[in-house]
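Listed here are the chains, written in short residue letters.
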Amino acid sequence: MMQLTGAQLIVRLLERQGVRTIAGVPGGAILPLYDALSGSELIRHVLARHEQGAGFMAQGMSRVSGVPQVCIASSGPGATNLVTAIADACLDSIPMVIITGQVPQAMIGTDAFQEVDIYGITVPITKHNFLVRSAQELLEVVPDAFRIAMSGRPGPVLIDVPKDVQNQLITIDELPPPAVADAPPALDMAAVEAAASMINAAERPVLYLGGGVVHSGAAPLAVQLAEQGGLPTTMTLMALGAMPMDHPLSIGMLGMHGARYTNFVLEEADVLICVGARFDDRAIGRAAQFCPNAKIVHIDVDRSELHKIKNAHIAIHADVQVALEALLPRIDAAKRTSWLAQVDDLRQRFPMQLPGIEDPRSHYGLIQAVADALDDSAIIATDVGQHQMWVAQAYPFRRPRQWLTSGGLGTMGFGMPTAIGAALAEPERTVVCFSGDGSFKMNIQELATLAEEGLNVKIVLMNNNALGLVYQQQTLFYGKRLFASKYRSEPDFVKIAEGFGVPALDLDKAADPRAALAEALRAPGPCLIHATIDREQFVYPMVPPGAANTEMIGG
């Protein structure tokens, strides 16, 4: 028999679940849990400088590992500071368990100090959430949270634990077993057979991969399907790396900032095989004009995504890996020589243009120089903005979980704390975070966490002293009325990094920027690499808001 407090029980349950690193920030309502955590010999705590940073560190760990990771915060402002990271995880289907402290139960509803209804606030942005009423409930709630987070379409689950529940004593004889994911939905074999027949009969099929392919571990199967069926393959922003970008069948990223030829290929398709993607507006543009001549096969683990934006001719509710395992033996080996020749012709006529790719002082050239200095083991994170799209267009991603970016929510400030999380989960890898000056300033305080942990994270700061995508849209679509998109002053990012204890390199002052960059990337530990970027360099091509993908401008 064991007598434990609720807080000690949470720690034991987390240990049993395999949790080994937790990011968080302490505060009054979560202090019993912190006190219990101090006694754990298995769990390492990483002290973030802001709760949003802790949330993104948990995301970084989860995005590279594929299993739910944990962040913790106190009640009130501690909990509300996590909301953006939770919403980001929800939209990108990232499994996380968030534990927040709450005021004692007797004080709930009294507007007590640092009381906020985080349960109510997070209902729309979690898969599920719990307000725990007794230590006994924790025996079910904690394993349940992990089970829900990793089952079906992954996502975040919140556990709100009042302070008195953390302090409550409980006597138990044994701990529950670690949670496992629910069994995937039963596969409709008739639908699989119909899908195989449609694909085999197609003359101009295209395979369209989304983030679900990465989440389910099905990227090798997707590549095998493409090779077996002779299928040109496009990827959403979230799926980059599912097929190597330099694979002969890869036609790169589709959508708002995809190559012209990619969107033109999709226009010609007669069958679209959508796997683990949700027809996001940034990917498909104006929905009514997307793939107008194509019949659609849609495979997704989330039933609500089927027929939601585009009606599927064949909809398969299934785990992507299970569905592809069943589909592959039914797909005829096909060369599709004339269709692939047509794709290659479009590629040559409307290629992705990467001006300045050989110049490390240009935006594309800087990205290429970073890629040249690294191998495929490196992890690449970004913040959100022009730099994010340039990296998506130019970086040669070759494996799943190599690419970490905020897709659905588009959160500035995502990059550095997520990169820290990735380095915590896989310390043997080099992690590079591409950021813009606007995004970087949103969680710049996590430089202190990076310095303290001494992680192998390199921040490549592409600085145009502006909110670049806002500046671009105001220039292109708002009559060049530039308002609140240019900064009137510019901080010294090199001094700021050094002030936090992170070494810094100013590429602007390097005699040989390519050599200096390679040396900084090779050196162990953290580093800020600063590079000035021309503010007038825009992301092209671009689908104007509300337009069809074939109505791109530039590029």
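Residues numbered from 1 in each chain as written. Predicted model: local features only at pLDDT ≥ 70, side-chain atom pairs only at ≥ 80, totals over all residues. Heavy atoms only, no water.

**Student:** Which residues make up the packing of aromatic side chains, and what values do they have?
**Tutor:** One pass over the full model with this rule turns up 11 aromatic pairs. When the centroid spacing of 5.9 Å and the interplanar angle of 55 degrees are considered together, the rings of F440 and F493 count as tilted. With F440 in helix α19 (residues 437-440) and F493 in helix α22 (residues 493-500), this residue pair connects regions lying 53 residues apart in the sequence. For the pair F440 and F493, one class covers both residues: buried. Between Y471 and F538, the aromatic rings sit 6.1 Å apart at their centres with planes inclined by 70 degrees, giving edge-to-face as the arrangement. Highlighted residues: Y471 in helix α21 (residues 468-477) and F538 in the segment after β20 (527-532), separated in sequence by 67 residues. Among the aromatic residues, ring-to-ring pairing joins Y208, F279 and F290 into one connected group. When the ring centre of Y487 is taken as origin, the NZ or CZ atom of K441, which lies over that ring, is 3.5 Å away. A cation over an aromatic ring shows up here: R535 above the ring of Y471, its NZ or CZ 5.8 Å from the ring centre. (Phe/Tyr/Trp six-rings, centres within 6.5 Å; stacked < 30°, edge-to-face > 60°. Helix = DSSP H or I, 4+ residues; strand = E, 2+ residues; numbered from the N terminus. Buried < 20%, exposed > 50% of the residue type's maximum accessible area, 1.4 Å probe, protein only. Lys NZ or Arg CZ within 6 Å of the ring centre and 35° of its normal.)

**Student:** Residue-level account of the sheet that holds strand β11 (residues 250-253), with values.
**Tutor:** Judged by pairing direction, the sheet is parallel, and its 6 strands sit side by side in the order β11-β10-β9-β12-β13-β14 without closing on themselves. Sheet topology places β11 and β14 (314-317) at the edges, where each strand pairs with a single neighbour. Across the sheet, the axes of successive neighbouring strands diverge by a mean angle of 15 degrees, strand direction being ignored. (Pairing = 2+ DSSP bridges. Axes fitted to C-alpha atoms, helices over the stretch in contact; angles between N-to-C directions.)

**Student:** Describe α22, listing the residues and the values that go with them.
**Tutor:** When we look at burial in α22, the residues that qualify are F493, V494 and A497. For α22, the buried positions fall inside an angular range of 105 degrees around the axis, keeping them on one side. Exposed and oriented more than 90 degrees from the buried face of α22 are K495 and G499. Close packing links the buried residues of α22 with α19, α20 (446-453), β18 (457-463), β19 (504-506) and β20. Here α22 starts with a cap whose side-chain oxygen sits 3.2 Å from the backbone nitrogen of V494, and that cap is D492. Phi for G501, located one or two positions after α22, is positive at around 95 degrees. (Arc of directions from axis to C-beta. Contact = heavy atoms within 4.5 Å. Polar contact = N/O pair within 3.5 Å; in protein donor to acceptor, adjacent residues only side chain to side chain.)

**Student:** Talk me through the side chain of T233; I want residue IDs and the actual numbers.
**Tutor:** As for its position among the elements, T233 is in strand β10 (residues 233-235). Of note is the side chain of T233, whose polar atom sits 3.0 Å from the backbone oxygen of L231. Filtering out sequence-adjacent residues up to four positions away, T233 remains in contact with L207, L209, A226, M243, L249, S250, I251 and G252.

**Student:** Account for the pattern of salt bridges, naming residues and giving values.
**Tutor:** For the structure on display, the rule yields 19 salt bridges. The partner of D144 in a salt bridge is R147, and the shortest N-O contact between them spans 3.0 Å. Here D144 and its partner R147 are both found in helix α7 (residues 135-150), 3 residues apart, which amounts to about one turn of the helix. With a closest N to O distance of 2.9 Å, R153 and E305 form a salt bridge. One end of the pair, R153, is in the loop between α7 and β7 (156-162); the other, E305, is in the loop between β13 (295-300) and β14, and 152 residues separate them in sequence. For R153, a relative accessible area of 23% gives the class partly exposed. If you follow the salt bridges from partner to partner, you end up with R153, D302, E305 and K308 in one network. (Salt bridge = Lys/Arg side-chain N within 4 Å of Asp/Glu carboxyl O.)

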